[in-house]
Amino acid sequence: MHFMSFPLTKKGGLCGGEAKNDFWKTVYQCTQILPHSKPRYVMGVGFPLDLVVCVALGADMFDCVYPCRTARFGTALVRSGELHLKSSQFKFDFAPIDDTCTCSTCLHYTRAYLHTVATKESTAASLLTVHNIYYLLNLMKQMRTHIQNGSFHSFVKEFMHNMFPNGPKTYPTWCIAAFHTVGIDFS
Ligand SMILES: [Zn+2]
């Protein structure tokens, strides 16, 4: 892990396979002691759930290969988690990846088409990368708006409900612990 104090603060070396409890505790420890007047940048974090947890813990910025790499494997990011478009269940599914998404891929291509080309043709990786980055940018924009409006806790609860519709008992324990640290509880 290394830090840079100017013009922003970054932390890196996380998410190389360490346990999730070590991950969030390290992020929290850093955000508590780093200057609040500078952006806090966490390197190599890109899973949507990890972004929400890290923002709750006080991180501001991220970068990661994940949205592009997972696109190459035929995976699209959605509110409920991931769509694995190679799955035969999408062979005749003529809906977009996400009918609420306004990215150019969702506006012009069906799941059935993406199923046909995913992992076979490079255009699929490009189309899914567009959607995945759009999804993550939108997620970050939503969090910024909710923080500004004072409704971030409600946002977290809705995000977790969408990703884990069977309720808080199915939430990963490391997430519950991380959110609890900053006063977000689900019971
Ligand atoms: Zn989209």
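Residues numbered from 1 in each chain as written. Predicted model: local features only at pLDDT ≥ 70, side-chain atom pairs only at ≥ 80, totals over all residues. Heavy atoms only, no water.

The protein carries the name Queuine tRNA-ribosyltransferase in an unreviewed UniProt entry, which gives Reticulomyxa filosa as its organism.

For helix H8 (residues 173-181), the set of buried residues is Trp174, Cys175, Ala178 and Phe179. Across the axial projection of H8, the buried residues extend over an arc of 125 degrees, all falling on one side. Those residues of H8 hidden inside the fold are in contact with helix H1 (20-33), helix H2 (48-56) and helix H7 (152-163). Note on H8: the residue one or two positions beyond its end, Gly183, has a positive phi of about 85 degrees. (Buried < 20%, exposed > 50% of the residue type's maximum accessible area, 1.4 Å probe, protein only. Helix = DSSP H or I, 4+ residues; strand = E, 2+ residues; numbered from the N terminus. Arc of directions from axis to C-beta. Contact = heavy atoms within 4.5 Å.)

Here we take up the coordination of the zinc ion. For the zinc ion, the full set of protein donor atoms is Cys101 (SG), Cys103 (SG), Cys106 (SG) and His131 (ND1), and the range of their distances to it is 2.1 to 2.3 Å. Coordination at the zinc ion is tetrahedral: its 4 donor atoms span angles of 101 to 115 degrees at the metal. For the zinc ion, the donor residues sit on a single chain with the sequence spacing C-x1-C-x2-C-x24-H. Grouping residues by exposure puts Cys101 and Cys103 together as buried. (Donors = N, O, S within 2.8 Å, 3.2 Å for Na, K, Ca; no water. Tetrahedral: all angles 85-135°; square planar, octahedral: opposite > 155°, others 65-115°.)

Moving on, we come to the layout of surface pockets. Counted as a void, the largest pocket has a volume near 470 Å³. Lining of the largest pocket is provided by 22 residues; of these, Asp60, Met61, Phe62, Leu136 and Met140 occupy positions nearest its centre. Ranked by residues supplied to the lining of the largest pocket, first place goes to helix H6 (residues 122-149) with 8 residues. Of the residues belonging to the lining of the largest pocket, the class tally is 16 nonpolar, 2 polar and 4 charged. Reported here for the second largest pocket is a volume of approximately 340 Å³. Surrounding the second largest pocket, 16 residues form its lining, Arg79, Thr100, Tyr135, Asn138 and Gln142 being those nearest its centre. Sorting the residues of the lining of the second largest pocket by element identifies H6 and H7 as the ones contributing at least two each. Ranked by residues supplied to the lining of the second largest pocket, first place goes to H6 with 7 residues. In the lining of the second largest pocket, the residues fall into 6 nonpolar, 7 polar and 3 charged. Shared between two domains, the lining of the second largest pocket takes at least three residues from each, and those domains are domain 1 (9-64 + 151-181) and domain 2 (67-132). (1 Å grid on protein atoms, 1.4 Å probe; cavity = no way out; pocket = protein on both sides within 12 Å on 5 of 7 lines; lining within 4 Å. Points joined across faces, edges and corners; volume = space filled by probe spheres on them. Nonpolar A, V, L, I, M, F, W, Y, C, P; charged D, E, K, R; others polar. Domains from an automatic or database assignment.)

All right, on to the pattern of salt bridges then. Applying the stated criterion across every chain yields a total of 4 salt bridges. For the salt bridge of Asp50 with Lys20, the shortest nitrogen-to-oxygen distance reads 2.6 Å. Of this pair, Asp50 sits in helix H2 while Lys20 sits in helix H1, placing them 30 residues apart in sequence. For Lys20, a relative accessible area of 27% corresponds to the partly exposed category. The closest approach of N and O atoms between Asp93 and Arg111, which form a salt bridge, is 2.9 Å. Linking Asp93 in the loop between strand S5 (81-84) and helix H4 (104-108) with Arg111 in helix H5 (residues 111-117), this pair joins segments that are 18 residues apart in sequence. (Salt bridge = Lys/Arg side-chain N within 4 Å of Asp/Glu carboxyl O.)

This part is about unusual backbone geometry. Positioned with a positive phi, Thr119 is a non-glycine residue whose angle comes to about 65 degrees. The topology assignment puts Thr119 in the loop between H5 and H6.

Here the focus is the domain arrangement of the protein. Assigned domains of the protein: these are domain 1 (9-64 + 151-181) and domain 2 (67-132). Centre-to-centre separation of domain 1 and domain 2, based on C-alpha positions: 26 Å. Across the boundary between the two partners, domain 1 contributes 4 residues, which contact 5 residues of domain 2. Between domain 1 and domain 2, roughly 390 Å² of surface is buried when both sides are summed, and carbon and sulfur atoms account for 63% of that area. Scanning the region where domain 1 abuts domain 2 turns up 0 salt bridges. (Buried area = accessible area lost by both parts, 1.4 Å probe.)

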